[in-house]
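What the coordinates show
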Amino acid sequence: MSKISRRSMVGMITTSFVAFLFAPSAAGAVSEPVIRAGEACKKVGRRKTSGGKTFECVKTANGNIWRRAKASTPSQPTTSEVKVLDSASLSAGASQTAIVTSGGKNYAVVLTRTSGGVVAFSRSCTHAGALVTPGPAGQLTCPAHGSVFSASTGAVIEGPANISLTKYQVSERSGAIYITI
Ligand code: FES
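Residues numbered from 1 in each chain as written. Predicted model: local features only at pLDDT ≥ 70, side-chain atom pairs only at ≥ 80, totals over all residues.

We now examine unusual backbone geometry. The omega torsion of the bond from Gly135 to Pro136 falls at -5°, within 30 degrees of zero and hence cis. In this model, Gly159 is joined to Pro160 through a cis peptide bond whose omega is 15°. Along the chain, Pro160 turns up in the loop between β11 (156-158) and β12 (167-173). Despite not being glycine, Ser174 shows a phi value in the positive range, around 50°. The class of Ser174 is exposed, set by 6 C-beta atoms lying within 10 Å. (Helix = DSSP H or I, 4+ residues; strand = E, 2+ residues; numbered from the N terminus. Buried ≥ 20, exposed ≤ 12 C-beta atoms within 10 Å, placed from the backbone.)

Now the structure itself:
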């Protein structure tokens, strides 16, 4: 090996060694800076995860700082009882439609007074969502494609629908009928 090539070889090894010592590791190059609660942050409302903990940038009298974010709890589905009809307006064996409002939404429902009490179903046909209507007696029919449902159980009597109507819990007290939506 010549003198020059030996010298350049030593130079290359030295350069590589120094570069190895001071170069950031691949993992370090992409890792996020560590956040500690109380440290300054810029944008209020920004959330970041550091060390497995979630921090949120909040505004304080001393400026914007990172604070441990509270664990968000999944929202619980809510149901509410809504008055639909006066009891006197639903005679034995009869069905009646109504629109009830709950949580800012309107629901089209149909109620029937059976020998076992009042039952309530969504009027939305399970085939393609058209509104079923009472009749003939004891049945609910869909004008869109002809499905027929039982007014007392919501079960399919005739297709093309093949799923029962959605049933609501009913409560009748003090002369009024309520459903839970
Ligand atoms: S939407 Fe009711 S039968 Fe098709």
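Here the narrative resumes.
Our next topic: the sheet that holds strand β8 (residues 133-134). Within a beta sheet, neighbouring strands are joined by backbone hydrogen bonds and run either parallel or antiparallel to one another. The antiparallel open sheet is built from four strands, whose spatial order is β8-β9-β10-β11. With partners counted over all chains shown, the strands left at the sheet margins are β8 and β11, one partner each. Judged from the three bridges that link them, strand β9 (residues 139-141) and strand β10 (residues 148-150) form a sheet pairing that is antiparallel. Bridging across to β10, Leu140 finds its partner in Phe149. (Pairing = 2+ DSSP bridges.)

What follows is about the pairing of strand β13 (residues 176-180). Here five bridges tie strand β4 (residues 81-86) to β13, and the two strands are oriented antiparallel to one another. Its bridge partner being in β13, Glu81 is matched across the sheet by Thr180. Two elements, β12 and β13, share five bridges in a ladder whose sense is antiparallel. Following the sheet pairing, Ser171 is matched in β13 by Tyr178.

Turning our attention to the nonpolar core. In terms of nonpolar packing, the biggest core is built from 22 residues, with Val84, Val109, Leu111, Ala120, Phe121 and Ile179 touching the most fellow members. Those elements giving two or more residues to this core turn out to be β4, β6 (105-114), β7 (117-122) and β13. Here this core takes four residues from β6, the largest share from any one element. In this structure, Phe121 is in contact with Val109, Val110, Gly154, Leu165, Thr166, Lys167 and Tyr168, ignoring residues within four places of it in sequence. (Core = buried A, V, L, I, M, F, W, Y, C linked by C-beta atoms within 7 Å. Contact = placed C-beta atoms within 7 Å.)

Structurally, Ser122 is set in strand β7. Separated by 23 residues in sequence, Ser122 and Ile99 have C-alpha atoms that sit 10.0 Å apart. Excluding its chain neighbours within four sequence positions, the residues that come into contact with Ser122 are Tyr107, Val109, Leu165 and Thr166.

Positionally, His145 belongs in the loop between β9 and β10. Judged by C-beta crowding, with 12 C-beta atoms within 10 Å, His145 ranks as exposed. Along the chain, His145 and Ala128 lie 17 residues apart, while their C-alpha atoms are 8.9 Å from each other. The residues contacting His145, other than those within four sequence positions of it, are His127 and Pro160.

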